[in-house]
Amino acid sequence: MSQSRRRMIVVLGVMTVFMLVLSACGTATAAPKTQVEVFSWWTTGGEAAGLQKLMDQFNAENPKYEVINAAVAGGAGSNAKAVLKTRMLGGDPPDSFQVHMGHELIDTWVTTDYMEPLDDVYSKYGLNDVFPQGVLDIVSYNGHPWSVPVNIHRANVLWFNKSVMEANGIDTATLSTFDGWQAAAEKLKAAGIAPLALGDNGPWAAVHLFEVVAAGTLGADKYKGLWDGTTDWAGADVTAALENFTMMLGYVNSDHAALSWDQANQLVIDGKAAMTIMGDWVDGDYVAKKFTGFGWASPPGTKGIYDALSDTFGLPKKAKQAEATKMFLGVLGSKQGQEAFNILKGSICARKDCDYSKFDAYLQSSAADWSKDAIVPSLAHGAAASEGWTTSITDVIAAFVTSQDVAAAQAGLVQACKDAGICK
Ligand code: GAL
């Protein structure tokens, strides 16, 4: 071997050793972070932006960890809940997951023994003092809290495009009765605009509309009575609710079955539809899309009623990172976390002490209503009824949207209540 060749081999050897040392040092400085997997269905503009704030706060406060966003798209958890179920039953839960306050949390996951109690999280972060007693009661079972609520959403909001309403000479104060609403819808229809945008490619959106119409037709007390069997599902009020629902379905966009809730809302933004009746995550959608030409009103009959739901997160048994997850839950419960999240999400804080001067006008009005309106539980979003009962009602309503057979739907609803063991 020539001398120059030997020298070359030595140089290459030295370089290799040098590179190995360098890469070893690199590994030592950037130690991998421990991942905390958070599961939700927050993938649309306002949803994802709000979630990002919570993840950022946690990651900044806990540099050893990082949140992995395991969101599965589909409004109201229409796809995520099935994925979650498979994982939970298969013993591979995420570290934390989005779950609605009420029946969805307690019946589906707590009484079935899939969750850890959160007494230590509540005492460490002082959460027993910051949520209203009514909220604490709903996340508790057997004397323990089982999840941390990050917000309060309102289901009964009628959103409209202001310039479409103005151009068609509609006084939006008239929208809060069924007759006034129908008169406005007739005008819009005559002008070639879809009066009501609906996106029920996930059937929950039709259930959402039905529950708002039911609350508006029955009033707060009778609506609440549907869920404990004191209101007769076979009664004339429920017939009237189904008739009002039929009336409204007569004014929806023809492609409703192909759209999601946010695609339906896009029709409102684009001025192709005038209104949509949807929860206040629509406010978050407007913020994310920088659309300011919207107004809001009470859907017919629901003035003074607050149809409520709450997104909460818990700690499943078998979570891989229980301690870090508890710190993540602390962020969700914090004032800083709730303010940053809810401004973008279009919800108000579950905490009592948020500073609403930082929130938009809609959210300020919602916060004021939350403290004075009659609060009723949302059906489509896990608060009013068990998952099984909600699924039976969803089947009835999905069939009704096509058939609009009031008698058949009412019989189906009566049967669903019996099957749920609530009605005799
Ligand atoms: C609800 C949920 C909201 C919002 C909405 C649309 O069930 O509580 O946070 O995400 O679905 O996806």
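Thresholds, definitions, all that
- Residue numbers run consecutively from 1 along every chain, following the written order of its sequence.
- Owing to the predicted nature of the model, reporting of local features is limited to residues with pLDDT of at least 70; listing and counting of side-chain atom pairs is limited to 80 or more, with chain, interface and lining totals taken over all residues.
- To obtain the side-chain values, all non-hydrogen atoms of the structure were used and water was disregarded.
- Between any two strands, at least two bridges found by DSSP are needed for them to pair.
- Runs of H or I in DSSP of at least four residues are treated as helices and runs of E of at least two as strands, each being numbered from the N terminus.
- Viewed with both strands pointing away, a crossover whose connecting path from the first strand over the helix to the second turns clockwise is right-handed.
- Domain borders in the structure are assigned automatically or taken from a domain database.
- Residues are treated as being in contact if the distance between any of their heavy atoms lies within 4.5 Å.
- By buried area we mean how much accessible surface two parts lose on assembly, using a 1.4 Å probe and totalling the loss over both.
- When we say a residue is near a molecule or strand, we mean one of its heavy atoms is within 4 Å of it.
- Pairs of N or O atoms are called polar contacts if they sit within 3.5 Å, as long as, within protein, a hydrogen donor faces a hydrogen acceptor (for residues adjacent in sequence, only side-chain-to-side-chain pairs).
- Only the protein chains shown count as cover for residues, and the accessible areas themselves come from Shrake-Rupley with a 1.4 Å probe.
- In this analysis the probe radius is 1.4 Å and the grid spacing 1 Å, with only protein atoms considered; a cavity is a set of points the probe fits into but cannot get out of, a pocket is an open set with protein on both sides within 12 Å along at least five of seven lines, and lining residues have an atom within 4 Å of a point.
- Grid points are joined across faces, edges and corners, and a volume is the space filled by probe spheres set on the points.
- Ten residues, namely Ala, Val, Leu, Ile, Met, Phe, Trp, Tyr, Cys and Pro, are considered nonpolar, four, namely Asp, Glu, Lys and Arg, are considered charged, and the remaining ones, Gly among them, are considered polar.

Below, the discussion takes up the pairing of strand 1 (residues 34–39). Here strand 1 pairs with strand 2 (residues 65–69) via 5 bridges, running parallel. Note on strand 2: the bridge partner recorded for Thr34 is Tyr65. With helix 2 (residues 45–61) bridging strand 1 and the parallel strand 2, this β-α-β connection has right-handed handedness. Here strand 1 runs beside strand 3 (residues 96–100); their pairing, made up of 2 bridges, is parallel. Bridge pairing in strand 3 links Phe39 to Phe97.

The next point concerns the sheet that holds strand 12 (residues 305–309). The 3 strands lie next to each other as 7-12-14, forming an open sheet whose pairing is mixed. Single-partner strands in this sheet number two, and they are strand 7 (153–154) and strand 14 (374–377). In terms of strand pairing, strand 12 meets strand 14 through 4 bridges, oriented parallel. From the neighbouring strand, Tyr306 faces strand 14, where its bridge partner is Ile375.

Moving on, we get to the domain arrangement of the chain. Size of an interface: often given as the accessible area lost when the parts come together. Partitioning the chain into domains gives domain 1 (34–153 + 310–365) and domain 2 (154–308 + 379–419). The gap between the C-alpha centroids of domain 1 and domain 2 is 27 Å. Opposite the 27 residues of domain 1 that make contact, domain 2 presents 24 residues. Buried area between domain 1 and domain 2, both sides added, is near 2,000 Å², and the carbon and sulfur share of it is 55%. In terms of surface lost to domain 2, no three residues of domain 1 exceed His103, His153 and Tyr362, which account for 32% of the buried area on that side.

What follows concerns the site of the ligand. In the vicinity of the ligand lie 14 residues, with Glu47, His100, Asp311, Lys345 and His381 positioned nearest. Measuring from an oxygen atom of the ligand, one finds a side-chain N or O atom of Trp41 at 3.3 Å. Between His153 and the ligand, the recorded distance is 3.5 Å, taken from a side-chain N or O atom to an oxygen atom. Contact with the protein chains covers 100% of the free accessible surface of the ligand, which is 300 Å². Structurally, the shell around the ligand is a two-domain feature, drawing no fewer than three residues from each of domain 1 (34–153 + 310–365) and domain 2 (154–308 + 379–419).

With that settled, the discussion passes to the layout of surface pockets. As a volume, the largest pocket reaches approximately 430 Å³. As for the largest pocket, its lining consists of 21 residues, and the residues nearest its centre are Lys81, Trp204, Thr390, Thr391 and Thr394. Of all the secondary structure elements, the ones that give two or more residues to the lining of the largest pocket are helix 3 (80–89), helix 9 (204–218) and helix 17 (387–403). Top element by residues in the lining of the largest pocket is helix 17. It accounts for 5 residues. In terms of residue class, the lining of the largest pocket is made up of 8 nonpolar, 8 polar and 5 charged. The two domains that each donate at least three residues to the lining of the largest pocket are domain 1 (34–153 + 310–365) and domain 2 (154–308 + 379–419). Around the second largest pocket, the lining is made up of 14 residues, and of these Met101, Ile138, Ala308, Trp370 and Ile375 lie nearest the centre. For the lining of the second largest pocket, the elements supplying multiple residues, two or more each, are helix 6 (133–139), strand 12 and strand 14.

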